[in-house]
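Remarks on the overall topology
This is what each chain is made of:
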Amino acid sequence: MNRSHWNRLLHSKKMIFAIFVAVLFHLLLLLRTEPDASLYRQMWKELPQEQMTTLQQEECLRYVRREQKRQENYFNHIQNISENAKSKQLFSFFAKEGSFEQKNLQSTWQQYEGKEMIRVSKEPGAGVVIASDGLLMSGILFLLVMIAAQILFVEDKVYGRKKLLLATRHGRGKDFLSRVVTLVEMTSICYVFFFGTKLLYATIRYGLGDLNRPIQSVWKYMDCVKEISVKEFLCLYYIQQFMMIIVGLIMLVCFCQFATRALWFYFGVFLFAGIELAAYEWISVNSWLALFRQINVYAYLQTEDRLGTFENLNIAGNPVAEELVRWSVVGSVLVISFLLGWWYYGRTIRQGRGLMFFVQKKHQWGCHTFLWMHEAYKIFVTERVLYLLIFLFIIMVVITPVYRDEYQDEDGFYYYYYIHKFEGEYTSEKEIQIQKEKDNFSTWKVQIAEKNSQYERNKIEKNLRREEGFQRFLKKCDYVKMHPGAELVDDRAFDILEGRTNPWDKVVHWGIGILAIVFCLTGLWNADTRYGCDMFVRPTLSGCGRLQKVRTCYAVLIVGLTSVIIYIPQFIRVLTVYSGLRWSACAASMEPLYRFGDDMSVKKYFMLLYALRFVGLLVCGIGICLWSGRRYSKEHSS
């Protein structure tokens, strides 16, 4: 019986296309991995003494310095955690007898006691960090599982095949188990492929180092309270991550039993994912609703954070280990979802036709003698493209982060302080002022050695803290002087819009855009053949060609609406935070765009960028139109 279910999956064009897109995104994620592997290995062997010339080199250098600094300060870091937990118990607020804060501090102190004696190994840890970062890949895998579950469980209801199971007494339970086993097998194969290739990529490109060294040697997992090696950590990570995905699979199977149409199934899953994401992003850690943030799908899928940190949850005023709560919740959800799905499978579900108000309206104005109006109603209402676009807009509003005018570190703050101070064209007057600022730092360095007063020394040291940011600013000035037309601009907003701040933004936007276009356009030609209405087009000489033109025009419209919905929430939120952007500045003012010269402004560059993004999505949409239209015409010409 499993073979028949596998045949359905492997012969489904929807599933084949989803696998192709998933593998493509997987490769893109690997290629976009930061930091750069060759630079990382080179800098770990010997830190460069000269100034960096590119942003990529600077980012890699900061990554390596941060990693080495945390390894060197591991003893002090753990000791500070223990001492802070002890000292806070002395304050009256924390010393309240029986309070959660007092119990939590006591538990924290006990967990970290003696951990400063762990001897960390000073080896590069980027390979381990990359190998154990699988949130986005888990999302890709969930999309594949969701489509497979819809094919195996929901399609039988839509086409009435499920009624055949009602004739058997015990076949329903066995069939349910065989379909679940098929999904588990597919998930296991995909999991091994995705995470196996990621582990192989991290091993070859970055190296995992000594697998027997303590996991605390990796800077990201220095707060881990488990005394385990890197090998044991990776084993626990992959096992627990796979178990979380299996629990999500069983939840999808359970939800399939209550969904009578594919649209409602996808709508329900994405709505649940949006609510979980909103709770995870917006609920504060100190809120009384914090439990909903911690018992969350997104929190659970970040298994590396759960393993690499220690946290107690406030359960009725008592600190309970997060790991205990997590596995209790996961086990309960797994059992309840499986039993509920098994019980509900095979029950007759009446497929409703909607409210009578909309049914009557459909018969009154749904059909139209004008082809354009008729196709518009069929596309946007009957095929529910309008609902999909509304739902897509809600999803984009939810997942688009709320940006803040913040800085990575103190050096970044002072760097942009000087950028705003001398913003605009680089003139001779500004060069004189910059030289005075440079002379001030030289003067302060001489004065700090001569001052005996601690107050005066602290005052000068406060001014010297700006030097690193000022040195970054001087590099920017050198770049501006080398490229005619370039200006000093705050490019943080431009980096966000272009996708350089977070490399995954491009992948997420492209992935959602392609999926939205596929879901919206696949019904343009399938609607007629699905319900047998295509017979009315056969007697006409040019009916297929005319329909092709009409539907292609609507496809272009849908792609345009999809593009606007995908990018407009991010654009608006960036503009609300970063106001006063210099759109008229030369595009070469941003270092990655130095090849454009002084002929193109930032405004023209982003107009071209969004036009190319639209063209990319349009190519995908037109490809679906041509493939579907060619097949449609071929079927009717035979």
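In this report, we go over the structure that sits alongside the text. Just so you know, these numbers come straight off a predicted model, no measurement behind them.

So, the overall build of the protein chain
Along the backbone of the protein chain there are 27 helices and four strands. Relative to its 638 residues, the protein chain shows a buried fraction of 46%. Relative to all contacts within the protein chain whose residues are 6 or more apart in sequence, the contacts with residues 24 or more apart total 76%. Looking at the protein chain as shown, the accessible area adds up to about 34300 Å², and 61% of this sits on carbon and sulfur atoms.

Let's talk about the nonpolar core
Ranked by internal contacts, the top residues of the largest apolar core, which has 84 residues, are Phe-153, Phe-194, Ile-215 and Phe-265. With 14 residues, the top contributor of residues to this core is helix α8 (residues 135–158). When sequence neighbours within four positions are dropped, the list of residues in contact with Phe-265 reads Met-146, Ala-149, Gln-150, Val-154, Leu-252, Phe-255, Cys-256 and Ala-259. Of all hydrophobic cores here, the second largest spans 32 residues; its members include Leu-263, Leu-371, Leu-392 and Tyr-567.

Quick look at the packing of helix α19 (residues 410–421) against helix α22 (residues 467–482)
Pairs of packed helices are described in terms of their axes, by the angle between the two and the distance that separates them. Running from N to C, α19 and α22 point in directions that differ by 50°, and their axes come no closer than 7 Å. Compared by their axis directions, α19 and α22 come out oblique. Here α19 and α22 pass one another in a crossing that is right-handed. Where α19 abuts α22, its residues Asp-411, Gly-412, Tyr-414, Tyr-415, Tyr-418 and Ile-419 lie against Glu-468, Gly-469, Phe-470, Arg-472, Phe-473 and Lys-476.

Points about the pattern of salt bridges
Taken as a whole and judged by the stated rule, the model has 11 salt bridges. The partner of Glu-322 in a salt bridge is Arg-326, with the nearest N and O atoms 3.1 Å apart. Of this pair, Glu-322 and Arg-326 both sit in helix α15 (residues 322–344), four residues apart, which is roughly one turn of that helix. According to the relative accessible area criterion, Glu-322 is buried, its value standing at 7%. Exposure remark for Arg-326: the relative accessible area of 1% places this residue in the buried category. Between Glu-437 and Arg-466 there is a salt bridge, and its shortest N-O distance comes to 3.8 Å. You can see Glu-437 sitting in helix α20 (residues 428–450) and its partner Arg-466 sitting in the loop between α21 (454–464) and α22, a full 29 residues away along the chain. A single burial state applies to Glu-437 and to Arg-466, both of which are buried. Taken together, the shared-partner salt bridges connect Arg-306, Glu-322 and Arg-326 into one network.

A word on the side chain of Ser-217
Relative to the assigned elements, Ser-217 resides in the loop between α9 (171–205) and α10 (230–256). You can call Ser-217 buried: its relative accessible area is 0%.

Observations concerning the packing of α10 against α15
Contact pair α10 / α15: the axes reach a minimum separation of 8 Å and the direction vectors enclose 35°. Note on packing geometry: the crossing formed by α10 with α15 is left-handed. Two secondary-structure elements touch here, α10 through Gln-240, Met-243, Met-244, Val-247, Ile-250, Met-251 and Cys-254 and α15 through Glu-323, Arg-326, Trp-327, Val-330, Val-333, Leu-334, Ser-337, Phe-338, Leu-340 and Gly-341.

Some details on the packing of aromatic side chains
Summed over all chains, the structure comprises 38 aromatic pairs. Seen from their ring centres, Phe-176 and Phe-338 are 5.9 Å apart, and the 55° between their planes marks the pair as tilted. A residue pair is termed long-range when its members are at least 10 positions apart, and Phe-176 in helix α9 and Phe-338 in helix α15 qualify at 162 residues. Through a chain of ring-to-ring contacts, three or more aromatic side chains come together here, namely Tyr-417, Tyr-418, Phe-422, Phe-441, Trp-444, Phe-470 and Phe-473. The aromatic ring of Tyr-280 is capped on one face by Arg-293, whose charged end is 4.7 Å from the ring centroid. Here Arg-613 stacks its cationic end above the ring of Tyr-610, 5.1 Å away from the centre of that ring.

Concerning a nonpolar patch on the surface
A contiguous nonpolar surface patch, about 690 Å² in accessible area, is contributed by Leu-386, Tyr-387, Ile-390, Phe-393, Ile-394, Val-564, Ile-568 and Ile-572. Looking at the nonpolar patch, the elements with two or more residues in it are α18 (385–399) and α26 (543–577). Ranked by residue count, the leading element in the nonpolar patch is α18, at five residues. Tracing the backbone through its elements, the reader meets Ile-390 in helix α18. Classification of Ile-390 as partly exposed rests on a relative accessible area of 45%.

As for the environment of Glu-72
Its location among the elements puts Glu-72 in helix α4 (residues 55–72). Residue classification places Glu-72 among the exposed positions, given a relative accessible area of 54%. Distance from Glu-72 to Lys-122, taken between C-alpha atoms, is 8.1 Å for residues 50 residues apart in sequence.

Focus on the environment of Lys-481
Mapped onto the elements of the fold, Lys-481 is located in helix α22. Counting along the chain gives 56 residues from Lys-481 to Glu-425, while the straight-line C-alpha distance between them is 10.0 Å. Beyond its immediate chain neighbours, meaning those up to four positions away, Lys-481 contacts Tyr-426 and Glu-431.

Quick look at α20
Taking 1.5 Å as the rise per residue, α20 with 23 residues should run 33 Å; its terminal C-alpha atoms sit 34 Å apart, in good agreement. Looking at α20, one finds that the buried residues are Lys-430, Ile-434, Glu-437, Phe-441, Trp-444 and Ile-448. In this fold, the buried residues of α20 make contact with α19, β3 (424–425), α21 and α22.

Comments concerning helix α2 (residues 13–31)
For α2, with 19 residues, the first-to-last C-alpha span of 27 Å sits near the 27 Å given by 1.5 Å per residue. Of the positions making up α2, those classed as buried are Met-15, Ala-18, Val-21, Ala-22, Phe-25, His-26, Leu-29 and Leu-30.

How each quantity is defined
- Residues numbered from 1 in each chain as written.
- Predicted model: local features only at pLDDT ≥ 70, side-chain atom pairs only at ≥ 80, totals over all residues.
- Heavy atoms only, no water.
- Helix = DSSP H or I, 4+ residues; strand = E, 2+ residues; numbered from the N terminus.
- Buried < 20%, exposed > 50% of the residue type's maximum accessible area, 1.4 Å probe, protein only.
- Contact = heavy atoms within 4.5 Å.
- Areas by Shrake-Rupley, 256 points an atom, 1.4 Å probe, with all protein chains shown as cover.
- Core = buried A, V, L, I, M, F, W, Y, C linked by side-chain atoms within 4.5 Å.
- Axes fitted to C-alpha atoms, helices over the stretch in contact; angles between N-to-C directions.
- Parallel < 35°, antiparallel > 145°, perpendicular 65-115°, else oblique.
- Left-handed = near helix turned anticlockwise from the far one by under 90°.
- Salt bridge = Lys/Arg side-chain N within 4 Å of Asp/Glu carboxyl O.
- Phe/Tyr/Trp six-rings, centres within 6.5 Å; stacked < 30°, edge-to-face > 60°.
- Lys NZ or Arg CZ within 6 Å of the ring centre and 35° of its normal.
- Patch = residues over 30% accessible without salt bridge, like charges linked within 9 Å, V, L, I, M, F, W, Y side chains within 5 Å.
- Expected span 1.5 Å × (residues − 1).

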